[in-house]
Amino acid sequence: MRPDTPTAHTTEAERLLRTAEQYPEDREPLLLRAAAHLELAGDRERASTLYDQLLTEEPEHPLLVKALQAANLWEYGHEAEARALIAGIRTAAPADPAPWETIAETLESHDELEESHACFTEGITLLLTPGDDDVPYDTRPLLTGRHRVRRLLARPHDEWDRLADKVHTAHSPISLDELHDPNRLWALGSDNPAELRAEIARLRSELGSYRSALSRPFPVAVLHWPAPEFTELLTTYPALAAEYPSYQTHLASIESSLRELAATGTANLGIVTATVPSFEAFAAAEASTPTNPSLLPQYTTTLAARGRAFPWPPPKGADCWCGAGAAYRDCHGQA
């Protein structure tokens, strides 16, 4: 059951902090989750301390940590510091949608709608190609958020708004225009049964989207063994050769599996990177042996749950997930 009281959130934060000590390789995502629970518990100062601690440790995603710190600081009275962090993130122009989403929503929540719209637009322009309807799962909130803010600003629809609604209506019968209609608040006070029924239908649609997101807190992931780890795995455990006939077959299987999942409508896809020591430790924890192939999907899910997944397909202009050093579109991104 998810925590729903300040005490429960504090307890969950403490559990995550203990887990981070047990699994130092997953320290960053675990501390970020702990900080989020502390915020929900109302202990924003302690959450801020965790963000500062992460930043001193040279985190893997420093701009996301700064964005979360900015959102937290603004909520408990440190607006000037939060604004400075947001300005720095915009200047850095991250290739990850998460910092853009965080700072844009922070500005939106404090009625800085013009600046919020600018952040959403900067992130979308950087990460998406105009005319390309294939929007990565983790970038979709930028489109949705920008559409919402533009409705509040009474801006006319543009191509990004149309793309946002197209992506949304593929999974919901209620359009974004309806969900983001500023006049919906008036409908809640209406005594017209038809208006109230329509609003209930919209709220159910929104609730379904939120439930869908909460039901999958981490990506559906596929396991990738980098070339050195792949060689070490099969040298140490030749019994796994039946699972991995060759390295090229392994790489091709990853891409084909992800494409098949995407074709069936599965969203939030990712890739987790395996290492032999990590897999051996996981097998030991499961009281099993690394030669047991049934451990592989469990190991994959565990890594994804610890925040070790990279989104697939990679962002525009990013290197391929296989580690070849080439752009994804020029490597495994070709159809």
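Just above, that's the structure.
Everything numeric here is computed off the predicted structure, so don't read it as measured data.

A. Expanded view of the overall build of the protein. Across its full length, the protein carries 16 helices and three strands. Considering only contacts in the protein between residues 6 or more positions apart, those separated by 24 or more positions represent 57%.

B. Local environment of the pattern of salt bridges. The tally for this structure, following the rule as stated, stands at 20 salt bridges. The residue Glu14 makes a salt bridge to Arg46 at a minimum N-O spacing of 2.8 Å. Residue Glu14 is found in helix H1 (residues 6–22), and its partner Arg46 is found in helix H3 (residues 44–56); the two are separated by 32 residues along the sequence. A residue is classified by how much of its surface remains accessible, and Glu14, at 28% relative accessible area, is partly exposed.

C. Spatial organisation of the sheet that holds strand S3 (residues 309–312). Strand order in this open sheet of three strands is S1-S2-S3, and the pairing throughout is mixed. Strand pairing shows two members of the sheet lacking a second neighbour, strand S1 (220–224) and S3, which therefore form its edges. Neighbour to neighbour, the strand axes of the sheet diverge by 35° on average, direction disregarded. The pairing of strand S2 (residues 269–273) with S3 spans four bridges and is classified as antiparallel. The partner of Val272 across the bridge, within S3, is Ala309. In the packing of helix H14 (residues 247–263) onto the sheet, the strands contacted are S1, S2 and S3, and the crossing angle to S1 comes to about 170°.

D. Looking closely at the packing of helix H7 (residues 113–127) against helix H8 (residues 140–152). Running from N to C, H7 and H8 cross one another at 145°; their axes reach a closest spacing of 9 Å. The chirality of how H7 crosses H8 is left-handed. Taken together, the residues of H8 that come into contact with H7 (itself represented by Leu113, Ser116, His117, Phe120, Thr121, Gly123, Ile124 and Leu127) are Pro141, Leu142, Leu143, Gly145, Arg146, Arg148, Val149, Arg150 and Leu152. In terms of residue class, the contact of H7 with H8 is made up of nine nonpolar, five polar and three charged.

What counts, and where the lines are drawn
- Along every chain, residues carry numbers that run from 1 in the direction the sequence is written.
- Two thresholds apply to this predicted model, a pLDDT of at least 70 for residue-level local features and 80 or more for giving and counting side-chain atom pairs, whereas whole-chain, interface and lining totals are computed over all residues.
- To get the side-chain values, take all heavy atoms of the structure and skip hydrogens and water.
- By the criteria applied, helices consist of DSSP H or I runs no shorter than four residues and strands consist of E runs no shorter than two, each listed in order from the N terminus.
- Every residue pair with non-hydrogen atoms within 4.5 Å of one another is taken to be in contact.
- One speaks of a salt bridge when a side-chain nitrogen belonging to Lys or Arg is within 4 Å of a carboxyl oxygen belonging to Asp or Glu.
- Only protein chains enter the calculation, and the probe is 1.4 Å; a residue is then buried if its accessible area is under 20% of its type maximum, exposed if over 50%, and partly exposed in between.
- Here, a strand pair is defined by DSSP locating no fewer than two bridges between the strands.
- To obtain each axis, a line is fitted to C-alpha atoms, and for helices this fit is confined to the stretch in contact; angles are then taken between N-to-C directions over 0 to 180 degrees.
- Helix crossings fall into two classes, left-handed where the near helix is turned counterclockwise from the far one by less than a right angle and right-handed where it is turned clockwise.
- Ten residues, namely Ala, Val, Leu, Ile, Met, Phe, Trp, Tyr, Cys and Pro, are considered nonpolar, four, namely Asp, Glu, Lys and Arg, are considered charged, and the remaining ones, Gly among them, are considered polar.

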